[in-house]
Amino acid sequence: MKKKVILYSVVAIIVLLIFFAGYVAAWIETENFARENFGKAQEMLKEGKYLQALNGYQEFDPKAQKYVTYVGFSQISVMFKDSPIFGVPKIVDQSKQEVMKLIATMPTNDLETYFQSTVRNKNPYILYVVAELIHRYSKLGLSSQVGMYEHIFSLLGGKPDQIERYYNTLHTEAEK
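Numbering of residues begins from 1 in every chain and follows the order in which that chain's sequence is written. The predicted nature of this model means local features are confined to residues of pLDDT at least 70 and side-chain atom pairs, given and counted, to a pLDDT of 80 or more, with totals for whole chains, interfaces and linings taken over all residues. Each side-chain value is worked out from all heavy atoms of the structure, with water and hydrogens disregarded.

Q: Honestly, unusual backbone geometry in this entry has me stumped. Any pointers?
A: Trans is the prevailing form of peptide bonds, just as negative phi is the prevailing case for residues other than glycine. The phi dihedral of Gln-65 falls on the positive side, at around 55°, and the residue is not glycine. The numbering of helices and of strands both runs from the N terminus, where a helix is a DSSP run of H or I of at least 4 residues and a strand a run of E of at least 2. Within the secondary structure, Gln-65 is located in the loop between β1 (57-61) and β2 (66-70).

Spelled out as structure tokens, the structure:
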């Protein structure tokens, strides 16, 4: 009987070690993926391709004869959201900061396109985008756009008194 208990204990420990090793390997692989894609997103940013830097893009690889997908700062910023066991790599915070900088500084046409392409997705930055658009259109005196985006802000779960807070947080984070 004691031998069975010991055998089952050893098997359980081995299974746990294998599971743990797999988790560690996946975490490392995800971090490497995030670093590679962060570099690609920075390249897009240097080229003035703001939407590709934020959302990612596809590129044809002639050697592999297939398209390769690169994720942008937005996706990198949420990669480790549900797996903080080994901590969150610094690349995630850097990506969050890049997203905030881009939202605060990119041209309004690109910001509008970013809004339109991500409003249906689970974009954790959407209320910051809308607050930025409200402020930009308010400065231009375009009250119909301001009213429309204030309505959208509330439809997305924001409250009218939070617009200023989102705007200020966005610019505070963007300036870090």
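Q: Where do I start with the packing of aromatic side chains in this structure?
A: The rule is short: rings of Phe, Tyr and Trp, with Trp giving its six-membered ring, pair when the centres are within 6.5 Å, and they are stacked under 30 degrees, edge-to-face over 60, tilted in between. Evaluated as defined, the whole model comprises seven aromatic pairs. Where Phe-38 meets Phe-73, the ring centres are 5.2 Å apart and the plane angle is 65°; that geometry is what we call edge-to-face. Residue Phe-38 is located in helix α1 (residues 2-46), and its partner Phe-73 is located in helix α3 (residues 73-76); the two are separated by 35 residues in the primary sequence. Grouping residues by exposure puts Phe-38 and Phe-73 together as buried. Ring centres 5.3 Å apart and planes at 35° place the aromatic pair Tyr-57 and Tyr-70 in the tilted group. Of this pair, Tyr-57 sits in strand β1 while Tyr-70 sits in strand β2, placing them 13 residues apart in sequence. No difference in accessibility class separates Tyr-57 from Tyr-70, as the two residues are buried. Taken together, the ring pairs connect Phe-115, Tyr-137 and Tyr-149 into an aromatic cluster. Think of it in three bands: with a 1.4 Å probe and only protein chains considered, a residue is buried below 20% of the maximum accessible area for its type, exposed above 50%, and partly exposed in between.

Q: What is the right way to look at the packing of helix α6 (residues 126-139) against helix α8 (residues 163-174) in this model?
A: Any two packed helices are characterised by how steeply their axes cross, that is the angle between the axes, and by the distance between the axes. Axes here refer to lines fitted to C-alpha atoms; in helices the fit is confined to the stretch in contact. Angles between the N-to-C directions go from 0 to 180 degrees. Axis separation between α6 and α8 bottoms out at 8 Å; the angle between their running directions is 100°. In terms of axis orientation, α6 runs roughly perpendicular to α8. Here Leu-127, Tyr-128, Ala-131, Glu-132, Ile-134, His-135 and Lys-139 of α6 lie close against α8, whose contacting residues are Ile-163, Glu-164, Tyr-166, Tyr-167, Thr-169, Leu-170 and His-171. Residues are grouped as follows: nonpolar covers Ala, Val, Leu, Ile, Met, Phe, Trp, Tyr, Cys and Pro; charged covers Asp, Glu, Lys and Arg; every other residue, Gly included, is treated as polar. Residues that form the contact of α6 with α8 fall into these classes: eight nonpolar, three polar and three charged. Each angle receives one of four descriptions, namely roughly parallel if under 35 degrees, roughly antiparallel if over 145, roughly perpendicular if within 65 to 115, and oblique otherwise. Should any heavy atoms of two residues lie within 4.5 Å, those residues are counted as being in contact.

Q: Would you mind going over helix α5 (residues 108-118) with me for this structure?
A: One full turn of an α-helix is made of 3.6 residues, so residues set three or four places apart face in the same direction. Every buried residue belonging to α5 is among Leu-111, Glu-112, Tyr-114, Phe-115 and Thr-118, and all of these are buried. Projected onto a plane normal to the axis of α5, the buried residues spread over an arc of 160° and lie on a single side. Buried residues belonging to α5 abut α2 (50-55), α3, α4 (90-105), α6 and α7 (143-155). Here the arc refers to the directions that run from the helix axis out to each C-beta atom.

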